[in-house]
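Fold and contact review
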Amino acid sequence: MSPTVHRTLRARNWLLPALRVFTGLVFLFLMLPLLIVFPISFSSSAYLRFPPPGYSLRWYQAYVNDPVWIDATIRSLKIAGLATAIALVLGTLLAFSIVRGRYRGREALNQISALPIIVPSIVYSIAVYGLFAKLRLIGLWPGIALAHAVLAIPYVTIVVAAGLKTFDVAQEQAAMGLGASRLTAVRRITLPQIRPSLISAAFLAFIASFDELVVAMFLGGSNMTLPKKMFDNIMMEVDPTIAAVSVLKITLVTLLLALAARFGAGVRPAV
Amino acid sequence: MPASAQIAERRQSRMIPVLRGEQGPVMVGLLPVAFLGLLFLLPVLRLFLLSVEGGTLAHFDKAITSDLYLTVFIETFRIAAIVTCCSLLMAYPVAYVLSTASPRWVLIGLVFLMLPFWTSILVRTYAWMILLGRNGVLNQALLGAGVIKQPVALIFNTTGVVIGMVHVLLPYMVFPIYSAMLRVNRDLLLAAEGLGASGWSVFRRIFLPLTMPGVIAGTALVFILSLGFYITPALLGGGKVIMIAVLIEQQVRQFLEWGFAAALSCLLLVIAVLFYVLLNRLGRRETIA
Amino acid sequence: MNDATPHVVTAARGPLLSLSSIVKRYDAVLAVAGIDLSVQDGEILTILGPSGSGKTTLLKMVAGFEQSDEGYIRLGERDITDATPASRGIGMVFQNYALFPHMPVAENVAFPLEMRRMGQAQIKDRVAKALALVGLAGYENRYPRQLSGGQQQRVALARAVVFEPPLLLLDEPFGALDRKLREQMQLEVKRLQRQLGITALFVTHDQEEALVLSDRIAVMNLGRIEQIGTPFEIYAQPVNRFVADFIGESNLYRGNVSAVAQGRMTAEIEGGLMVTAQTATLYPVGSTVGILVRPEAPRTLGDGETADNVASGSVTEVVYLGDAIKYVVALDGGHDMTVRWPYRPSTETLQIGTRLRLGWSADLVHVVGWD
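Residues numbered from 1 in each chain as written. Chains lettered and ligands numbered in written order. Predicted model: local features only at pLDDT ≥ 70, side-chain atom pairs only at ≥ 80, totals over all residues. Heavy atoms only, no water.

1. Here we look at the sheet that holds strand β6 (residues 91-93) of chain C
All names here are of chain C. Which entries qualify depends on this criterion: Two strands pair under a simple rule: DSSP has to find at least two bridges between them. Labels follow the DSSP assignment, with helices taken as runs of H or I lasting at least four residues and strands as runs of E lasting at least two, numbered in each case from the N terminus. Working convention: axes come from line fits to C-alpha atoms, limited for helices to the stretch in contact. Angles between N-to-C directions cover 0 to 180 degrees. Contacts were defined at the residue level, with two residues in contact if any of their heavy atoms lie within 4.5 Å.
One open sheet holds the six strands; their spatial order is β6-β7-β8-β3-β9-β10, and the pairing between them is mixed. In the strand order of this sheet, the two ends are held by β6 and β10 (224-229), each with one partner. Shown here is a sheet whose adjacent strand axes are inclined to one another by a mean of 15 degrees, direction ignored. The pairing of strand β9 (residues 216-221) with β10 spans five bridges and is antiparallel. Bridge pairing in β10 places Ile217 opposite Gly229. This element, helix α5 (residues 149-161), spans β6 and β7 (167-171) of the sheet and lies at about 165 degrees to β6.

Written out as structure tokens, the structure is:
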């Protein structure tokens, strides 16, 4: 036993190893579905065989060469980009307001701002469809981005608020005491120091939008997003193109997670 | 910074009273509040109006009195409860092992939790279909090994839906419990031991109560999120497992029953928020004590 | 680590706790390097040392939270070297009290009794008595966070003694309290210890606290016990340079023994100052020694007055300590000497720059080996 790691519960000798084995099995349960799509995506067969009878890149080619897939991907990227930008700005403002404000109703606002996470996406979809139909936003990608921004704002607010809470306001005051305006103080002193939180928040917002299916399904009309195309593909059990897409998405998330871990702060389920 | 720029900036900040004084935080919050008000609260409010369209409660009446829809509600609660229990039973030991692990293993463990967590639910659901399907990897392996004679039905039933949902929701359970465990002062456990408590007593009297806020938070979150699940039951349920969200979607897309779908949505929303408030209060009491 | 001086034991009922050849390693680091220590029944023994000296590790091994790599621990007639903490039956007060935050005061204090499966009526009785003992009757239903630091500590004390353990361990228990409260609690603990006739092993880095509270002090450094003895012995007759330096404010000079005669020896401090000492232990001529002059030893000499040791210098610093005044005097040989005298309104305070002659007798000089 090292001086830093204290034994926590004095248990029977077999208990901790048993719990570790159990934990390993749970991690296997978590990782297995991610790992299984890799060999399937490189399969040469159109049918599900495991292990695959042969290996090829045909499903990746099928993805790249199918304009429907590519269109859907580009549309989803555009939506996620816009939604992230909106959510990042508004969520950060909201975080500032909640952390710095001394007004009544601040706590209530804090609770309400987390609601989009609690409200089931199907409920929000039905709700926002009515409004967007009236505003003639159905089928337009910026409309989906707006709705996705609503869903992403809580993530941004929670992550940025956590970052702001650890930031000492005295630094901002010191900057203002040295002649900076409040805006300059925030821009030059505060924002650079909570940058890891902002990066993590942007990452969360992007993924939240990029993977969102139900709202996009309702608001998208005939213009499919990537998740909608994937959903249809799975429903109809078309072919393993979906496996190739899955591998690409897992790779993207791994990449973003690595970046967020390197430059961000505490990327965790923020709730 | 040149003096002129400084003056310009001062003037600018004077022109934006938003960022000055005690009013600042209030003003700064106005834009996001307006945005959420317009695109979140307003649509939800309209949903409530839609559910009572024509000034009657007929939709609610239909949702509550019809056996068909009541069954869906009960089934939803049942699955949510099973998923929550499974997640809790899996998450508590995992969180405990993580909370006692060395930094390197914590990092590895977090990667194993985060990677699936941030992977698209569609990808994961699809992967479960590959694994658990009639001709899936698991069945092929079991048949090949001679353990079973015929493929076992692991998807397009409640089992499949539960497996898929637990996979999605497990991290939501692990993280609050894990952080509650990290907050437990290890001296308390030593103190209890020194005062004569056995390992089991230390767990039951000290460790479990102190990690209870995390358990409650995780349970609340997983249960509430379970209630509104759509993708997993829609795909892994194969049309046989109907949860509320699937029902709502059917009502709209197949039957264009917007009013009825709105009523179902309102019920789902009210139930979810009710649980949220209830468990929030319970959690708060637990933290205070 | 051999104590050269005989123990003065206040309550000589034999050792309650004895440690023999205790060794503890963390990887390659020797945290406790072979310790023998006996705690007599009824005494307060303090382990005093700087942070990293191994004192907390030692205490944890007595409590059973750490296992020693070598050696034995005996409590009374029982070998507890490998016993679980729960079975040792030792009371402990933690540095930050380790009160259970989710239990009210009464439940905290009742905890060790419940673990011993005592009846509810008896538990209630004992808890009430323990709380009355620490002056917290009526606080049964408060939660720890609703109490002040001093009150929390009283609860921790009550919880540690309520099951009548033979031995009480205290791990820097006053560190979190402000000065006034700390002094109050020190006296309180001493009173409680006497009243209950409990033996206490107390760990601190605060030498003043150790002097106030202890029957005996074991000074620990780098995993070893440097000296063990009464507070007076530790203060007046440190056995080596570390103890001399660590305990109290001291003027410690390096010097060479130049003459030894008739129970006195004279040493030359670098810079030319000669100091004569009258001590039990004499060092041979030519050896390097540490010359210790406590700040209260020197006095000012009037014209024509003389003493065993005389040195002149001028005041460079004046510090008011309330009941005393401290001066730093730059001696003509180039050394500084700190002196401290009780403050009396009648005496004139010296100003910076004042020249003065200091004198002190040979028996107020203590000599320790330099190495």
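2. Notes on the sheet that holds strand β19 (residues 355-360) of chain C
All names here are of chain C. Taken in spatial order, the five strands line up as β15-β19-β16-β17-β18 in an open sheet, and their pairing is antiparallel. Because the sheet does not close on itself, it has two edges, and the strands there are β15 (299-300) and β18 (336-342). Sheet topology places β15 next to β19; two bridges connect them, and they run antiparallel. Residue pairing across strands places Arg299 opposite Gly359, the latter belonging to β19.

3. Looking at a nonpolar patch on the surface
Rule in force here: Patch membership requires more than 30% relative accessible area and the absence of a salt bridge. Residues of like charge join within 9 Å; the nonpolar side chains Val, Leu, Ile, Met, Phe, Trp and Tyr join within 5 Å. Areas reported as accessible are Shrake-Rupley estimates using a 1.4 Å probe. Residue values count occlusion only from the protein chains shown. By definition, a salt bridge exists where a carboxyl oxygen of Asp or Glu is found within 4 Å of a side-chain nitrogen of Lys or Arg.
A cluster of nonpolar residues, Val21, Leu25, Leu28 and Leu32 of chain A, forms a patch on the protein surface that exposes about 360 Å² of accessible area. Note that Leu25 of chain A resides in helix α1 (residues 15-41).

4. Section: the interface of chain C and chain B
At the interface, 21 residues of chain C touch 17 residues of chain B. Here chain C and chain B share two salt bridges between them. With five residues, helix α3 (residues 105-115) of chain C is the single largest residue contributor to the side of chain C that touches chain B.

5. Some thoughts on the domain arrangement of chain B
Residues and elements named next belong to chain B. Worth spelling out the cut-off: Domain start and end points were adopted from an automatic or database domain assignment. Two parts placed together each lose some accessible area under a 1.4 Å probe, and adding up what both lose gives the buried area. What qualifies as a polar contact is a pair of N or O atoms within 3.5 Å, subject to a donor-acceptor requirement within protein and to the restriction that residues adjacent in sequence count only when both atoms come from side chains. Residues are grouped as follows: Ala, Val, Leu, Ile, Met, Phe, Trp, Tyr, Cys and Pro are nonpolar; Asp, Glu, Lys and Arg are charged; all remaining types, including Gly, are polar.
Once the domains are mapped, chain B shows domain 1 (1-51) and domain 2 (58-288). Counting from both sides, the interface comprises five residues of domain 1 and, opposite them, 10 residues of domain 2. When domain 1 packs against domain 2, the two sides together hide about 570 Å² of surface, and 85% of this comes from carbon and sulfur. Viewed at the interface, domain 2 and domain 1 are joined by zero salt bridges. Inspection of the domain 1/domain 2 interface yields zero residue pairs in polar contact (both at pLDDT 80 or more). Looking at side-chain class alone, the side of domain 1 that touches domain 2 contains four nonpolar, one polar and no charged residues.

6. Thoughts on the packing of α3 of chain C against helix α4 (residues 120-133) of chain C
Packed helices, taken two at a time, are described by their axes: the angle between them and the distance between them. Residues and elements named next belong to chain C. How we decide: For this classification, under 35 degrees means roughly parallel, over 145 means roughly antiparallel, 65 to 115 means roughly perpendicular, and everything else is oblique. Crossing handedness is defined as follows: a turn of the near helix away from the far one that is anticlockwise and smaller than a right angle gives a left-handed crossing, while the clockwise case is right-handed.
Running from N to C, α3 and α4 cross one another at 120 degrees; their axes reach a closest spacing of 9 Å. With respect to α4, the element α3 is oriented oblique. Between α3 and α4 lies a crossing whose hand is right-handed. Where α3 approaches α4, its residues Val105, Ala106, Val109, Ala110, Leu113 and Glu114 are matched on the opposing element by Ile123, Arg126, Val127, Ala130 and Leu131. Of the residues assigned to the contact of α3 with α4, the class counts are nine nonpolar, no polar and two charged.

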